[in-house]
Amino acid sequence: MNKKLFVLLVILMSLSLIGIIFVQVYWIRTSINDKEEQFSRTVTDILDRVASRVEKREMKDYSDRLASLVDSVGQPKTTQFRNFLFVDRDLNSDEILFYSHGILEEDYNISSTFFDNNLQGDVDSTTITNFTSKRTKAVFREEYGLDGKSYSLTPIQRAEKIGGLSSIEKLAMEDVFMEYAKSQPIHKRVSTQELELLLSQELTDRNIDVDYEYGVYSQGYPTKIRSKKFKFSESKMYEARIFKDSEGQTSFSLLLTFPSMNKFLFQSIMGMALLSLIFTLVIMVAYSSAIYQLIKQKQISEIKTDFINNMTHEFKTPIATINLAVEAIRNPKSIEDKDKVLRYLGMIKDENKRMHAQVENVLRISKLEKNQLDISKDRVDVHEIVEDAITHVELIVADRGGYVNAHLDAERSEILANDTHFTNVIVNMLDNAVKYSPESPKIDVYTELAKNNIIIKIQDQGAGMSKAVLKKVFEKFYREHTGDIHNVKGHGLGLAYVKRIIEDHQGEVYAESEKGKGSTFYIKLPLI
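In this convention, every chain numbers its residues from 1, walking through the sequence in written order. It should be noted that, the model being predicted, local features are given only for residues of pLDDT at least 70 and side-chain atom pairs only at 80 or more, the latter also being counted only at that level, while totals for whole chains, interfaces and linings use all residues. Note that the side-chain values use all heavy atoms of the structure and ignore hydrogens as well as water.

Asks: Quick question: what am I supposed to make of the sheet that holds strand β7 (residues 213-218) here?
Replies: For sheets, the rule is that strands pair by backbone hydrogen bonds, running either parallel or antiparallel. At least two DSSP bridges between two strands are needed for those strands to be called paired. What counts as a helix is a DSSP run of H or I of at least four residues, what counts as a strand is a run of E of at least two, and both are numbered from the N terminus. Spatial strand order, β8-β7-β10-β9: 4 strands in an open sheet with antiparallel pairing. Strands with a single pairing partner mark the edges of an open sheet, and in this sheet they are β8 (221-226) and β9 (238-242). Averaged over all neighbouring strand pairs, the angle between strand axes comes to 30°, with direction disregarded. As defined by bridge partners, β7 adjoins strand β10 (residues 252-257) across 6 bridges and the pair is classed as antiparallel. Directly across from Tyr-217, in β10, lies its bridge partner Ser-253. Two residues form a contact once any of their heavy atoms are found within 4.5 Å. To obtain an axis, a line is fitted to C-alpha atoms, over the contacting stretch when the element is a helix, and the angle between two such axes runs from 0 to 180 degrees between their N-to-C directions. Sheet strands touched by helix α4 (residues 192-205): β7, β8 and β10. Its angle to β7, the strand with the most contacts, is close to 130°.

Okay, here's the thing in structure tokens:
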């Protein structure tokens, strides 16, 4: 994939993910705000209803007291009756309409004890008048006899209503009570028990299960009517006017607060918010995995490209050498020289063997990944394998003026392993130490015991590795990037093969290195 296209895709995907997260956060905040607004409207309605119920209860108390006093007095002191009459005749239908409205006024002259003791010093009695309304409607039809002389009124409709005060008269009575109630202390007009009961009922009816605190304030000052933990706060405070007079004016306010309102609102959308969060996390994990896989695939693509380049370079030299040797043998002068022919044939054999070894290494790794490599294990001696492996490289090391020293100090050295593959492991690691020693190779091999394990330590004084290279040195196809310079031959499979074989032997392999100060590789295997 083109690098610019890859970066563009990553940027677009990142922006999309950020946009999704932003939308989710915005949705949650909007939901909380909507819930809060809905909650505020509901609480405001609850306060208005509670205030109205308290006012109606107070008015009913006064009405009941008045009715009981009227009943106790018995007969009124004075009685007056006024009657209004209306008559109308319809000539077309021969119908006569009679309508009358009578008002009975009864004065009871009740004692001022009705209004407690507030006015006793000035007034000995209080005039309370009861009005009763009687309304009658009747419709008659004029009928004459066959002889034309007899005449009668036949009733075809009659309605009579007896009631109390009219709506205007009731308002006047309520206004009287309201004016009187203003002089009463607040604790006589309403109690904390009544407010708590009404508030709890209204909140329960609307499925609001949250702790609350309330208080009644008069012109901004607290009264005795409030809950124990109520505190005045300008924010998150709900207010309703209570005990309004006929003009809608009052000095009292019913205040309500919810200490855990935010928690209640958040819990109301917790389910959807949690689902949204889970789906967002899934998207983030999927996005991270996709980015990781893209980067991984890009790295693998680059590593495979390097591998192909290295393999091409490594095959190019042997093929060129073989071609030159073949051309030399075909030369008539060279054919007659047996020594030259044998030397050229030896070169061809060595180069062919070298290419075969590289191909074999690739095939071994492929079989290991597919679990097709048959690795049978027997009792072997680690020291013998190490000494055998050293013989494979000591001539090369000696040719470059270096050395390989063995320090086999482990008291026990028998393990369960495959002789061939384990020998290849040690050879690969020694060959790696030789290749990455710019000067004369100086290699030391140690063995030591660690509980029930034997540790093989291969130490060189070569070029060493950086920390970044050290993390990836056992990955397949990985080689330290050197640009177009192939001063160290290889294809990044040797140490990957080592790791797979050691893990198959229930062991572990790791390395320590510092750039310019050499490397040390460790192999840890369980003893028999």
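Asks: What's the story with the environment of Pro-318 in this structure? I'm lost.
Replies: Counting through the fold element by element, Pro-318 comes out in helix α6 (residues 270-330). Overall, the relative accessible area of 0% leaves Pro-318 in the buried class. Only protein chains enter the calculation, and the probe is 1.4 Å; a residue is then buried if its accessible area is under 20% of its type maximum, exposed if over 50%, and partly exposed in between.

Asks: How should I be thinking about the nonpolar core in this particular structure?
Replies: Side chains that are nonpolar tend, in soluble globular proteins, to be buried together. With 41 residues, the main nonpolar core has Ile-415, Phe-422, Leu-430 and Ile-523 as its most contacted residues. For this core, the elements supplying multiple residues, two or more each, are α9 (382-399), β13 (414-417), α10 (419-435), β14 (442-450), β15 (453-460), α12 (494-504), β16 (508-513) and β17 (519-526). Broken down by element, the residue count for this core peaks at 8 residues, all from α10. Remark: nonpolar core denotes a set of buried residues (Ala, Val, Leu, Ile, Met, Phe, Trp, Tyr, Cys) joined through side-chain atoms within 4.5 Å. Among the nonpolar cores identified, the runner-up in size contains 29 residues, and Val-50, Ile-186, Val-210 and Ile-225 belong to it.

Asks: What's the story with the pattern of salt bridges in this structure? I'm lost.
Replies: Oppositely charged side chains can pair when the atoms bearing their charge come close. We count a salt bridge whenever a side-chain nitrogen from Lys or Arg sits within 4 Å of a carboxyl oxygen from Asp or Glu. Summed over the entire model, instances satisfying the criterion amount to 15 salt bridges. Measuring nitrogen to oxygen at the nearest pair gives 2.6 Å for the salt bridge that ties Arg-206 to Asp-45. Taken together, the residues Arg-206 in the loop between α4 and β7 and Asp-45 in helix α1 (residues 3-73) connect sequence positions 161 residues apart. The exposure class assigned to Arg-206 is partly exposed, which follows from its relative accessible area of 27%.

Asks: What exactly am I supposed to notice about α10 here?
Replies: An α-helical turn contains 3.6 residues, so a residue and the one three or four places further along point in the same direction. The end-to-end C-alpha distance of α10 is 24 Å, a good match for the 24 Å that 17 residues give at a rise of 1.5 Å each. Counting buried residues along α10, 12 of its 17 residues qualify, which places the element largely inside the surrounding structure. Along α10, the residues that are buried comprise His-421, Phe-422, Thr-423, Val-425, Ile-426, Val-427, Asn-428, Met-429, Leu-430, Asn-432, Ala-433 and Val-434. Polar contact criterion, stated in full: a pair of N or O atoms within 3.5 Å, where within protein one must be able to donate a hydrogen and the other to accept it, and residues adjacent in sequence count only if both atoms are side-chain atoms. The N-cap residue of α10 is Asn-418: its side-chain oxygen and the backbone nitrogen of His-421 are 2.9 Å apart. Expected span of a helix: the number of residues minus one, times 1.5 Å.

Asks: What exactly am I supposed to notice about the sheet that holds β16 here?
Replies: Strand order across the open sheet formed by 5 strands is β12-β14-β15-β17-β16, with mixed pairing between neighbours. Two strands bound the open sheet, and with one partner strand each, they are β12 (403-408) and β16. Across the sheet, the axes of successive neighbouring strands diverge by a mean angle of 15°, strand direction being ignored. As paired strands, β16 and β17 are joined by 6 bridges and run antiparallel to one another. The partner of Ser-513 across the bridge, within β17, is Ser-519. In the packing of α10 onto the sheet, the strands contacted are β14, β15, β16 and β17, and the crossing angle to β17 comes to about 170°. Sheet contacts for α12: β16 and β17; angle to β16, the most-contacted strand, approximately 140°.

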